[in-house]
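So the chains spell out like this:
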Amino acid sequence: MTFTEELRREADPIFQAIFTHPFVQGIGNGSLQSEQLIHYVKQDFEYLNTFIQIYGQAIHQCDNRKDMGMFNEQISFILNSEIHPHNNFCEVAGVQYEDLQYEPLAPTAHHYTRHMLDVAQNGSLGEILAVLLPCPWTYNEIGDYLKSESQPNKSHPFYEWINFYSREEGDMNVTEDFRARLDAYAKTASAPEKEQMKDHFIKSCQLEYSFWEMSYNQEKWPVL
Ligand SMILES: Cc1ncc(CN)c(N)n1
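So, a few notes on the structure that sits alongside this text. The structure presented is a predicted model; accordingly, all values stated were derived computationally and were not measured.

### Brief notes about the packing of helix 5 (residues 65-81) against helix 11 (residues 174-188)
Between two packed helices, what matters for the description is the angle formed by their axes and the separation of those axes.
Point 1. Where helix 5 meets helix 11, the closest approach of the two axes is 12 Å, and the angle between their N-to-C directions is 150°. Here helix 5 lies roughly antiparallel to helix 11, going by the angle between them. Read as a crossing pair, helix 5 and helix 11 show a hand that is left-handed. Mapping the contact onto sequence places Asp-67, Met-70, Phe-71 and Gln-74 in helix 5 and Val-174, Asp-177, Phe-178 and Arg-181 in helix 11.
Point 2. Of the residues contributing to the contact of helix 5 with helix 11, the split by class is 4 nonpolar, 1 polar and 3 charged.

### Some thoughts on the packing of aromatic side chains
Point 1. Under the criterion given, the structure shown has 28 aromatic pairs.
Point 2. Above the face of the Phe-15 ring, Arg-8 is positioned so that its terminal group lies 3.9 Å from the ring centre.

### Overview of the nonpolar core
When a protein is soluble and globular, its nonpolar side chains tend to lie buried together.
Point 1. With 71 residues, the main nonpolar core has Ile-27, Trp-161 and Trp-212 as its most contacted residues.
Point 2. The greatest single-element share of this core, amounting to 12 residues, is contributed by helix 4 (residues 34-61).
Point 3. If near-sequence neighbours (up to four positions away) are discounted, Trp-161 is found in contact with Ile-27, Pro-85, Asn-88, Phe-89, Tyr-139, Ile-142, Leu-146 and Trp-212.

### Focus on the site of the ligand
Point 1. For the ligand, the full set of nearby residues is Tyr-40, Asp-44, Tyr-47, Leu-48, Glu-82, Cys-135, Tyr-139, Tyr-165, Glu-208 and Phe-211.
Point 2. Glu-82 places a side-chain nitrogen or oxygen 2.6 Å from a nitrogen atom of the ligand.
Point 3. A distance of 3.3 Å separates a nitrogen atom of the ligand from a polar atom in the side chain of Tyr-139.
Point 4. Taken by itself the ligand offers 290 Å² of open surface, and the protein chains cover 97% of this.
Point 5. Those elements that provide at least two residues to the shell around the ligand are helix 4, helix 9 (134-150) and helix 12 (191-216).
Point 6. If you tally residues by element for the shell around the ligand, the top one is helix 4, at 4 residues.
Point 7. For the shell around the ligand, the class distribution of residues is 7 nonpolar, no polar and 3 charged.

### Observations regarding the pattern of salt bridges
Point 1. Summed over the entire model, instances satisfying the criterion amount to 9 salt bridges.
Point 2. A salt bridge links Lys-198 to Glu-10, with the shortest nitrogen-to-oxygen separation between them at 3.6 Å. With a gap of 188 residues between them, Lys-198 in helix 12 and Glu-10 in helix 1 (residues 3-10) connect regions that are remote in the sequence.
Point 3. With relative accessibility at 14%, the residue Lys-198 sits in the buried group.

Conventions we followed
Residues numbered from 1 in each chain as written. Predicted model: local features only at pLDDT ≥ 70, side-chain atom pairs only at ≥ 80, totals over all residues. Heavy atoms only, no water. Axes fitted to C-alpha atoms, helices over the stretch in contact; angles between N-to-C directions. Helix = DSSP H or I, 4+ residues; strand = E, 2+ residues; numbered from the N terminus. Parallel < 35°, antiparallel > 145°, perpendicular 65-115°, else oblique. Left-handed = near helix turned anticlockwise from the far one by under 90°. Contact = heavy atoms within 4.5 Å. Nonpolar A, V, L, I, M, F, W, Y, C, P; charged D, E, K, R; others polar. Phe/Tyr/Trp six-rings, centres within 6.5 Å; stacked < 30°, edge-to-face > 60°. Lys NZ or Arg CZ within 6 Å of the ring centre and 35° of its normal. Core = buried A, V, L, I, M, F, W, Y, C linked by side-chain atoms within 4.5 Å. Buried < 20%, exposed > 50% of the residue type's maximum accessible area, 1.4 Å probe, protein only. Near = heavy atom within 4 Å. Polar contact = N/O pair within 3.5 Å; in protein donor to acceptor, adjacent residues only side chain to side chain. Areas by Shrake-Rupley, 256 points an atom, 1.4 Å probe, with all protein chains shown as cover. Salt bridge = Lys/Arg side-chain N within 4 Å of Asp/Glu carboxyl O.

Shown next, in the form of structure tokens:
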């Protein structure tokens, strides 16, 4: 079993809980309220801004152009492609995307971004890959799950979102790319470093779940 297969097996209860979370189910059956979609987009815009900054820190740790190029491509992906699923949510909610940008972080988004930033500042390249991997991996699996469960056609309100994240067979996407790099990295990593990578990965999976919960409940700081 590869290192990332081991990670996936350990995180399976969290993946299953994500698939059945009411926000994810609400994407599948089109039942989400506008306020929930708006809360998600506001927080996710900021979350992805942090992701871009972490890619910058990962580039700082690369010792070859191939790896630098890969992270650079991922920055472009967020800037130019990952705006489409956000626009899908905005259209359904009946709001302009530009009006939801540069909002303060809610507690869970604050926690998740600080977790990733901490690893990016203090960890190895392997640890950075481990902390980032649940982001593409859980979304690809959500996309695949919703595509097979809901069989959406073009009239489904979240057709674009589901198709954006679901994978085509044989597709070499960012999840597969990160997994291959992390598996290669793990082959020469020490046992304590592998434990660290596992810990970062599992915490990010937990925080992926919490991010859906935050959006569903439109989480705010306790005292306003
Ligand atoms: C919180 C979160 N996790 C993952 C993704 C998919 N890149 C996202 N847009 N937002």
